[in-house]
Amino acid sequence: MEFFCYHRDRPGSMPLRDELLEAHWSYMDGYAAEMIARGPTLAGLGDDDPATGSVHVLDLPDAAAARAFAFDEPGYQAGVYRDVLLRRWRNVLGRTMWDFPGGRTGGNRYLVLGLGSGEPADLTPPPAGDDLIAYGPLLSDDGTAWLGTAALLRAPDRAGARSVLTAERYADVEVHDWCFGGRPT
């Protein structure tokens, strides 16, 4: 089962986040085989912009394992995050971010979250497929109800990133600056 997890930072928590960076990476190392995508959301696209959250997309055995992943994370335990969005997810592209043909660098990267309910929208990837890093529907715990869509992508700007989803089909569409995560090489 695939899961989308987005830890949103608590305002003012950057010093604590920095202090726990090695603990966070060590924790994530334990999930390397299950990881589909990961990385921080940022206040901007500059190298020095602070983090605003942390995205992890994983293939885990069940919802209990996903909850344990989300809530045992060292930053969550220490109070870095203000909330957590945890949803079942379906990997429409069938690959990991490391398989993205565009590589780890170059171009602006974004997390686009479309939150909704009712009749599903955007179940198939849009024509911007070459710029999609990860894409799929957000689902209820039992996987039967559509609750939105999450995409990681490369785009020229926020408006271009937002256009990947059919905006009128969602209660809200969020666009966050994002970059590939993991230990620096």
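Please read these numbers as outputs of a predicted model, since none were measured by experiment. (Residues numbered from 1 in each chain as written. Predicted model: local features only at pLDDT ≥ 70, side-chain atom pairs only at ≥ 80, totals over all residues. Heavy atoms only, no water.)

Asker: Help me understand the nonpolar core in this model?
Answerer: Where a protein is soluble and globular, its nonpolar side chains tend to be buried together. Ranked by internal contacts, the top residues of the largest apolar core, which has 19 residues, are F4, W89, L111, L113 and W178. Those elements giving two or more residues to this core turn out to be β1 (2-9), β2 (35-42), β3 (51-59), β4 (81-89), β5 (108-115), β6 (132-139) and β7 (146-155). For this core, the element with the highest residue contribution is β6, accounting for three residues. Excluding anything up to four places from it in sequence, F4 contacts V55, H56, V57, L85, L86, R87, W89, L111, L113, L138 and A150. (Core = buried A, V, L, I, M, F, W, Y, C linked by side-chain atoms within 4.5 Å. Buried < 20%, exposed > 50% of the residue type's maximum accessible area, 1.4 Å probe, protein only. Helix = DSSP H or I, 4+ residues; strand = E, 2+ residues; numbered from the N terminus. Contact = heavy atoms within 4.5 Å.)

Asker: Sorry if this is basic, but what is going on with the pairing of strand β8 (residues 172-178) here?
Answerer: The two faces of the sheet receive side chains in turn, since in a regular strand these alternate between them. Counted residue by residue, β8 has six buried out of seven residues, so it is predominantly covered. Note that β2 and β8 share two bridges and pair antiparallel. Bridge assignment links L42 to a residue of β8, and that residue is D177. Where β5 meets β8, six bridges bridge the pair, whose relative direction is antiparallel. For G114, the partnering residue across the bridge sits in β8 and is V173. (Pairing = 2+ DSSP bridges.)

Asker: Can you help me understand the sheet that holds β7 in this one?
Answerer: Sheet strands line up and pair through hydrogen bonds in the backbone, either parallel or antiparallel. Reading around the barrel, the eight strands line up as β1-β3-β2-β8-β5-β7-β6-β4 and close back on themselves, with antiparallel pairing between neighbours. When strand polarity is set aside, the average angle formed by the axes of neighbouring strands in this sheet is 30°. (Axes fitted to C-alpha atoms, helices over the stretch in contact; angles between N-to-C directions.)

Asker: Sorry, what's going on with unusual backbone geometry here?
Answerer: Excluding glycine, most residues fall at negative phi; most peptide bonds, likewise, are trans. Residues other than glycine seldom take positive phi values, yet D122 does so here, at roughly 55°. Residue placement: D122 occurs in the loop between β5 and β6.

Asker: Would you mind going over the packing of aromatic side chains with me for this structure?
Answerer: Each aromatic ring pair is described using two quantities: the centre-to-centre distance and the angle formed by the ring planes. In the structure shown here, the tally under the stated rule is six aromatic pairs. Judged by centre distance (4.8 Å) and plane angle (80°), the rings of Y31 and F69 are edge-to-face. Remark: F69 occurs in helix α3 (residues 63-72) and Y31 occurs in the loop between α2 (21-29) and β2; sequence separation between them is 38 residues. Each member of the pair Y31 and F69 is classed as buried. Among the aromatic residues, those joined into a cluster by ring pairs are Y27, Y31 and F69. (Phe/Tyr/Trp six-rings, centres within 6.5 Å; stacked < 30°, edge-to-face > 60°.)

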